[in-house]
Amino acid sequence: MLTRIDHIGIACHDLDATVEFYKATYGFEVFHTEVNEEQGVREAMLKINETSDGGASYLQLLEPTREDSAVGKWLAKNGEGVHHIAFGTADVDGDAEDIRGKGVRVLYDEPRRGSMGSRITFLHPKDCHGVLTELVTSAPVESPEH
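Everything quoted here is computed from the prediction, not taken from an experiment.

**Regarding the overall build of the chain**
Thinking step 1. In terms of regular secondary structure, the chain is built from three helices and eight strands.
Thinking step 2. Written out in order from the N terminus, the α and β elements of the chain read β-α-β-β-β-α-β-α-β-β-β.
Thinking step 3. Its C-alpha atoms give the chain a radius of gyration of 15 Å, near enough to 15 Å, the size a compact globule of 146 residues would have.
Thinking step 4. Overall, the chain is about 50 × 45 × 25 Å in size when its C-alpha atoms are taken along their principal axes.
Thinking step 5. By residue count, 42% of the 146 residues in the chain fall in the buried class.
Thinking step 6. In the chain, 55% of the contacts between residues at least 6 apart in sequence involve partners at least 24 apart.
Thinking step 7. With the model as given, the accessible surface of the chain reaches about 8,400 Å², and the carbon-plus-sulfur share is 53%.
Thinking step 8. Here the chain contributes 14 positive and 26 negative side-chain charges, whose respective centroids are spaced 6 Å apart.

**Concerning the sheet that holds strand β1 (residues 2–11)**
Thinking step 1. Read across the open sheet, the eight strands follow the order β2-β3-β4-β1-β5-β8-β7-β6; overall the sheet is mixed. A strand with exactly one partner marks an edge of an open sheet, and here the two such strands are β2 (30–36) and β6 (112–113).
Thinking step 2. The sheet contact formed by β6 and strand β7 (residues 119–123) spans two bridges and is antiparallel. Note on β7: the bridge partner recorded for R113 is R119.
Thinking step 3. The strands touched by helix α1 (residues 15–26) within the sheet are β1, β2, β3 (41–50) and β4 (56–64), with β4 carrying the most contacts at an inclination of about 150°.

**What about the packing of aromatic side chains?**
Thinking step 1. Inspection of every chain in the model, using the stated rule, returns six aromatic pairs.
Thinking step 2. The interplanar angle of 35° and the centroid separation of 5.6 Å between the aromatic rings of Y22 and Y26 together place this pair among those described as tilted. Separated by four residues within a single helix, Y22 and Y26 lie in helix α1, roughly one turn from each other.
Thinking step 3. On the accessibility criterion, Y22 (13% relative accessible area) is buried.
Thinking step 4. Using a relative accessible area of 48% as the deciding quantity, one classes Y26 as partly exposed.

**Here we look at the pairing of β7**
Thinking step 1. Within β7, four of the five residues are buried, which leaves the element mostly enclosed by the surrounding structure.
Thinking step 2. Between β6 and β7, which pair antiparallel and follow one another directly, the connecting turn spans five residues, one of which, M116, has a positive phi of 55°.
Thinking step 3. Where β7 meets strand β8 (residues 133–137), five bridges bridge the pair, whose relative direction is antiparallel. Bridge pairing in β8 places F122 opposite E134.

The rules behind each value
Residues numbered from 1 in each chain as written. Predicted model: local features only at pLDDT ≥ 70, side-chain atom pairs only at ≥ 80, totals over all residues. Heavy atoms only, no water. Helix = DSSP H or I, 4+ residues; strand = E, 2+ residues; numbered from the N terminus. Rg over C-alpha atoms; globule rule 2.2 N^0.38 Å. Buried < 20%, exposed > 50% of the residue type's maximum accessible area, 1.4 Å probe, protein only. Contact = heavy atoms within 4.5 Å. Areas by Shrake-Rupley, 256 points an atom, 1.4 Å probe, with all protein chains shown as cover. Lys, Arg positive; Asp, Glu negative; His and termini not counted. Charge placed at Lys NZ, Arg CZ, Asp CG, Glu CD. Pairing = 2+ DSSP bridges. Axes fitted to C-alpha atoms, helices over the stretch in contact; angles between N-to-C directions. Phe/Tyr/Trp six-rings, centres within 6.5 Å; stacked < 30°, edge-to-face > 60°.

Here it is in structure tokens:
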């Protein structure tokens, strides 16, 4: 069952400049940054709020690290802007199978590693009214050591 909007992915040419815009304009702070070599992106997650299911909602800013990455190709074709929407779920595997059973193409046979250790898959935009849709199961939150 989808529980929340996990994040909105925004493709950009210059991650640092885009982060500065969101900081200066809205006061958002960077929660996490990483380079995902498999996906060919450098990213920053800006936390917007906490959610009732223990997760959070973010803006994910994505700068391609290579032109042949999915985000690089998309950016070259479309320019900067909203790239995808991601819904949080406790069970990305089960929800992907359920959605596949409804005739929606799931782009990965098995979920892959996403931001902050999450597990992700994508749904084909042509089956989702033109919206690239991601399903995300967040990595377990580690309890603090006492």
